[in-house]
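This is what each chain is made of:
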Amino acid sequence: MSMKPIKYLFSLLFAMVGLSSCDTYGDYEQEFSPVYPLSGQYYVKVIDETGKEIVMHTITDPDGQKTDVFGTYMYLYNTTDNDKDKLWIKLPSDESFSAGILGKINCNVKALTFSGTAGNMEADGTTVNGEFTVNSGILTLKSVITPTNGKSDGIEVKYTLSGKTYTVTGFRRTGWDADETWSTPQVNN
């Protein structure tokens, strides 16, 4: 058998592979949760009733030097029923609830607000441990200048837990590590 038919066969095979790999696909449609743009992960700090920032945890470096960390995360996300007027909220807390504060409350997506009273769900998602009230929560789009000088959505939440009222302020996570070295963000007026 000569090499010519084999070369012809390989050329034909490569041409077929090349032509079939040129398929183009349209852009897929981005889907959002029914509570978007409220839903998301936020980098925040928690302030107590006296106006003092709460230490969320302390880091000890290899030399034994301790550093207090004030920044932490809070989350807003949709319910399994994809309700348009309710969302899950997971608020940070200090030693009051080591796993955070988790419950389902009301929201108004159009007004970018949320509030309500809920039983605090334990990490197992079924056990209620006390109750908390979100007195007010508001999202302001593109209102915060982040530490890296980018713009992000600002968030402020006032909640009551065990008779004490706390304020949570911060911004939607950007994904940049430098934005999560807490410094007070500037709010545009």
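Conventions adopted
- Residues numbered from 1 in each chain as written.
- Predicted model: local features only at pLDDT ≥ 70, side-chain atom pairs only at ≥ 80, totals over all residues.
- Heavy atoms only, no water.
- Helix = DSSP H or I, 4+ residues; strand = E, 2+ residues; numbered from the N terminus.
- Buried < 20%, exposed > 50% of the residue type's maximum accessible area, 1.4 Å probe, protein only.
- Contact = heavy atoms within 4.5 Å.
- Areas by Shrake-Rupley, 256 points an atom, 1.4 Å probe, with all protein chains shown as cover.
- pLDDT = per-residue confidence, 0-100.
- Patch = residues over 30% accessible without salt bridge, like charges linked within 9 Å, V, L, I, M, F, W, Y side chains within 5 Å.
- Salt bridge = Lys/Arg side-chain N within 4 Å of Asp/Glu carboxyl O.

Caption draft 1: How the structure looks around the overall build of the protein. Within the protein one finds one helix and 11 strands. Secondary structure of the protein in N-to-C order comes out as α-β-β-β-β-β-β-β-β-β-β-β. Buried residues in the protein amount to 34% of all 189 residues. Across the protein, every contact between residues at least 6 apart in sequence was considered, and the portion connecting residues at least 24 apart equals 49%. A total accessible area of about 12,100 Å² is found for the protein, and carbon and sulfur atoms account for 53% of it.

Caption draft 2: Geometry of unusual backbone geometry. Here the amide bond leading from Tyr 36 into Pro 37 is cis, since omega sits at 20 degrees, within 30 degrees of zero. In this structure, Pro 37 sits in the loop between helix 1 (3-20) and strand 1 (40-47). The phi angle at Lys 142 is positive, at roughly 50 degrees, despite the residue not being glycine. Note that Lys 142 resides in strand 8 (residues 128-145). A relative accessible area of 58% means that Lys 142 is categorised as exposed. Positive phi, close to 65 degrees, is recorded for Asn 149, a residue that is not glycine. Considering the arrangement of structural elements, one finds Asn 149 in the loop between strand 8 and strand 9 (151-161).

Caption draft 3: Region of interest: the confidence of the model for the protein. Per-residue confidence for the protein gives a mean pLDDT of 83; residues scoring 70 or more make up 84%. When mean pLDDT is compared element by element in the protein, strand 9 scores highest at 95, while strand 11 (residues 186-187) scores lowest at 44. Segment residues 183-189: pLDDT under 50, and 13 contacts once partners within four positions in sequence are set aside and those in other chains are kept.

Caption draft 4: Fine view of the environment of Gly 163. In this fold, Gly 163 is placed in the loop between strand 9 and strand 10 (164-172). Remark: the alpha-carbon pair of Gly 163 and Thr 133, spanning 30 residues in sequence, is separated by 9.9 Å.

Caption draft 5: How the structure looks around a nonpolar patch on the surface. Taken together, Ile 6, Phe 10, Leu 13 and Phe 14 make up a surface patch of nonpolar side chains, about 410 Å² in accessible area. Residue position: Phe 10 is located in helix 1. Under the relative-accessibility criterion, Phe 10 is labelled partly exposed at 46%.

Caption draft 6: Focus on the pattern of salt bridges. Tallied over the full model, the rule gives four salt bridges. Measuring nitrogen to oxygen at the nearest pair gives 3.1 Å for the salt bridge that ties Lys 45 to Glu 53. The exposure class of Lys 45 is buried, given its relative accessible area of 7%. Residue class for Glu 53 comes out partly exposed when judged on its relative accessible area of 25%. For Glu 156, the salt bridge is made with Lys 158, and the minimal N-O distance between the two is 3.9 Å. Taking the relative accessible area as the measure of exposure, Glu 156 reaches 35% and is therefore partly exposed.

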